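The residues making up each chain are set out below.
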Amino acid sequence: MGFLLSKLVKLFSNEEHKVIIVGLDNAGKTTILYQFLMNEVVQTSPTIGSNVEEIVCKKTKFVMWDIGGQESLRSSWSTYYANSDFVILVVDSTDRERLHISKKELHEMLQNEDLKKAKLLVYANKQDIKGCMTAAEISQQLKLTSVKDHTWQIQACCALTGSGLSNGLEWMLESKR
Ligand code: G3D
Ligand code: MG
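Presented here is a report on the structure given in the accompanying data block. Note that the structure is a prediction, hence the values are computed from the model and not measured. (Residues numbered from 1 in each chain as written. Chains lettered and ligands numbered in written order. Predicted model: local features only at pLDDT ≥ 70, side-chain atom pairs only at ≥ 80, totals over all residues. Heavy atoms only, no water.)

1. Here's the deal with the environment of Gln155
In this structure, Gln155 sits in strand β6 (residues 152-156). On the basis of relative accessibility, which here comes to 16%, the residue Gln155 falls in the buried class. A C-alpha to C-alpha distance of 9.5 Å links Gln155 and Trp171, two positions 16 residues apart in sequence. Once residues within four sequence positions are removed from consideration, Gln155 is found in contact with Leu121, Val122, Tyr123, Ala124, Gly164, Asn167 and Gly168. (Helix = DSSP H or I, 4+ residues; strand = E, 2+ residues; numbered from the N terminus. Buried < 20%, exposed > 50% of the residue type's maximum accessible area, 1.4 Å probe, protein only. Contact = heavy atoms within 4.5 Å.)

Structure (structure tokens):
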């Protein structure tokens, strides 16, 4: 009975999902968050601490935490993990030098008990810049195929124009259960 009731309540209420947006500094996390919010590009400044915003899409609410990516802040990422339904990893597709750091941070964070149930969306951002890595290249470098215990997806995008961002959101909507 309790199960049925909770199913019914779920049917009639707007669901809420916690999302954390991580990635190295300058990857485009804040631009993506604000692109989601208002479909326009805003001036960003390096995130100190975190920004949190709610995005409602097809009756589903995503509470998105944009966490600062500078090296000094990365150690505090784990304090945001509890109850996350999704992790969005934003990668600067032009930043070949630091992709190995994203890879290390990603695989480390996926080990965390608090993220056991979280699904992973990787945005290969800055696809507008000539000579950038493709989503396939980034997927390979990040060794995404070795991620077996989390559902994941990689999506090429350009946060400045918003191109590709909605595909990622659609995937989140489809895979939220
Ligand atoms: P962060 O929050 O991950 O640290 P920001 O990153 O969102 O602050 O973005 C860092 C810089 O990258 C910003 O430039 C922003 O405009 C730029 N940027 C974000 N997404 C894209 C993209 O898709 N293409 C291009 N060409 N640039 C992008 P500034 O100059 O303000 O530092
Ligand atoms: Mg930021």
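2. Side note on the state of the cysteines
Under the counting rule described, the total for this entry stands at zero disulfides. Here Cys132 is not cross-linked by a disulfide; its sulfur's nearest cysteine counterpart is in Cys158, at 9.5 Å. The buried category is assigned to Cys132, whose relative accessible area is 15%. (Disulfide = S-S within 2.5 Å.)

3. Brief notes about the pattern of salt bridges
Proximity of charged atoms lets side chains of opposite charge pair with each other. Under the definition given, this model contains nine salt bridges. Between Glu54 and Lys61 there is a salt bridge, and its shortest N-O distance comes to 3.7 Å. When its relative accessible area of 45% is taken as the criterion, Glu54 is described as partly exposed. Its relative accessible area of 23% is what places Lys61 among the partly exposed residues. Between Glu137 and Arg96 there is a salt bridge, and its shortest N-O distance comes to 3.6 Å. In this pair, Glu137 sits in helix α5 (residues 135-141) while Arg96 sits in the loop between β4 (86-92) and α4 (99-110), placing the two residues 41 residues apart along the sequence. Owing to a relative accessible area of 31%, Glu137 belongs among the partly exposed residues under this scheme. Linked through salt bridges whose partners overlap, the residues forming this network are Glu16, Glu54 and Lys61. (Salt bridge = Lys/Arg side-chain N within 4 Å of Asp/Glu carboxyl O.)

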